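Descriptive analysis of the structure
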Amino acid sequence: MARASIAIHKLTSCSGCQSVILNMGENLLTLVQLVDIQHFIEAGVNNPDAQVDIAFVEGSISTHEDEERIRQVREQSRFVVAIGACACSGGVQALRNVKDSEHWASAIYADPGYLDSLADSRSVAERVKVDLQLWGCPISERQLIAAIRALLHGVPPVLPTEKVCQECKRAGQVCVLVSQAAPCMGPVTQAGCGALCPSFGAPCYTCFGPSEQPNCDALGERLVGLGIPANQVAERFVSISAGVKPFQNAWARWRIPLKELEP
Ligand code: SF4
Ligand code: SF4
């Protein structure tokens, strides 16, 4: 029986999710026995126009080239899987969606006329049909392998719908929000990472995207109640998953416009 073919494409991103795949060690050796890797530029396999069974797409739609590329990838792939916070939400690049992108560009670059960037950064699913989204910054190797196995066996991959807090509690971690008054976003973030950050004593920063029915109002009020300034609370919602509505709405609720802060 022919092995399934896969491609790993990169759009606007830092390549961190591709690095997770490259660093899979023995699991990568197992993977290459199960599938035929047609395109994976970071591993030196360069065939971006290959027709494949599964295309994994890292990165956001942030440039005209990304827009063109994702249309081609969709046409030449049976399944399209968005991998990472950039592909699933627009990523940190989507900070421009809640601000004036022209202002940012001219504040940073001496001659922004050379830039070929769109006014906003979008997820893959906002431009083409996506069959599965694997969140994270970067993705979880465990989730990726489980998803590939499921797709190869023709069954729908099962992803968690609970919140990071639930994984955190099961792992017996001390809550950093309660014990350190740290601005942990676990109560509104989708599980899947095994509560990685709290396991190192650090607050979650939403890289697995919004959970089902995230109660952003309640979390924002709790953080303000801890003495965290409203503007900092707003920024916690739009960091790595800045492109999703529940977090943008929370940002809009808590942010204080700069002119109101001026003396
Ligand atoms: S540390 Fe964060 S993720 Fe863990 S229980 Fe507390 S708020 Fe939830
Ligand atoms: S705890 Fe939050 S920020 Fe850290 S890996 Fe998990 S989802 Fe991402």
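Please refer to the structure placed before this passage.
We now turn to the structure provided with this report. (Residues numbered from 1 in each chain as written. Chains lettered and ligands numbered in written order. Predicted model: local features only at pLDDT ≥ 70, side-chain atom pairs only at ≥ 80, totals over all residues. Heavy atoms only, no water.)

1. As for the overall build of the protein chain
If you tally the helices and strands in the protein chain, you get 13 helices and seven strands. Reported as C-alpha extents along the three principal axes, the dimensions of the protein chain are approximately 65 × 50 × 25 Å. In the protein chain, buried positions account for 44% of the 263 residues. In the protein chain, the share of contacts with a sequence separation of at least 24, taken over all contacts with a separation of at least 6, comes to 74%. Looking at the protein chain as shown, the accessible area adds up to about 13,400 Å², and 54% of this sits on carbon and sulfur atoms. For the protein chain, the distance from the average position of its 22 positive side-chain charges to the average position of its 27 negative side-chain charges is 7 Å. (Helix = DSSP H or I, 4+ residues; strand = E, 2+ residues; numbered from the N terminus. Buried < 20%, exposed > 50% of the residue type's maximum accessible area, 1.4 Å probe, protein only. Contact = heavy atoms within 4.5 Å. Areas by Shrake-Rupley, 256 points an atom, 1.4 Å probe, with all protein chains shown as cover. Lys, Arg positive; Asp, Glu negative; His and termini not counted. Charge placed at Lys NZ, Arg CZ, Asp CG, Glu CD.)

2. Here we look at the site of ligand 2
Surrounding ligand 2, one finds Thr-189, Cys-193, Leu-196, Cys-197, Pro-198, Cys-204, Tyr-205, Thr-206, Cys-207 and Phe-208. Class assignment of the residues belonging to the shell around ligand 2 gives a composition of eight nonpolar, two polar and no charged. (Near = heavy atom within 4 Å. Nonpolar A, V, L, I, M, F, W, Y, C, P; charged D, E, K, R; others polar.)

3. Quick word on the environment of Val-238
Looking at the secondary structure, you find Val-238 in the loop between helix 11 (230-237) and helix 12 (245-254). Through-space distance from the C-alpha of Val-238 to that of Ser-62 is 17 Å; in sequence the pair is 176 residues apart.

4. Description of the site of ligand 1
Residues in close proximity to ligand 1 include Val-164, Cys-165, Cys-168, Lys-169, Cys-175, Val-176, Leu-177, Cys-184, Gly-186, Pro-187 and Pro-198, which together make up its full environment. Contributions of two or more residues to the shell around ligand 1 are made by helix 7 (164-170) and helix 8 (176-180). For the shell around ligand 1, the leading source of residues is helix 7, giving four residues.

5. Considering a nonpolar patch on the surface
A surface patch of nonpolar side chains, about 400 Å² in accessible area, is lined by Trp-104, Ile-108, Tyr-109 and Leu-115. The residue Ile-108 is located in helix 5 (residues 101-108) in this model. Residue Ile-108 is classed as exposed on the basis of its relative accessible area of 57%. (Patch = residues over 30% accessible without salt bridge, like charges linked within 9 Å, V, L, I, M, F, W, Y side chains within 5 Å. Salt bridge = Lys/Arg side-chain N within 4 Å of Asp/Glu carboxyl O.)

6. Describing the pattern of salt bridges
Here the structure, examined in full by the defined rule, presents nine salt bridges. With its nearest N and O atoms 2.5 Å apart, the salt bridge here joins Glu-162 to Arg-170. You can call Arg-170 exposed: its relative accessible area is 60%. As a salt-bridge pair, Asp-217 and Arg-253 come within 3.1 Å of each other at their nearest N and O atoms. Of this pair, Asp-217 sits in helix 10 (residues 216-225) while Arg-253 sits in helix 12, placing them 36 residues apart in sequence. By relative accessible area, Asp-217 is classed as partly exposed at 41%.

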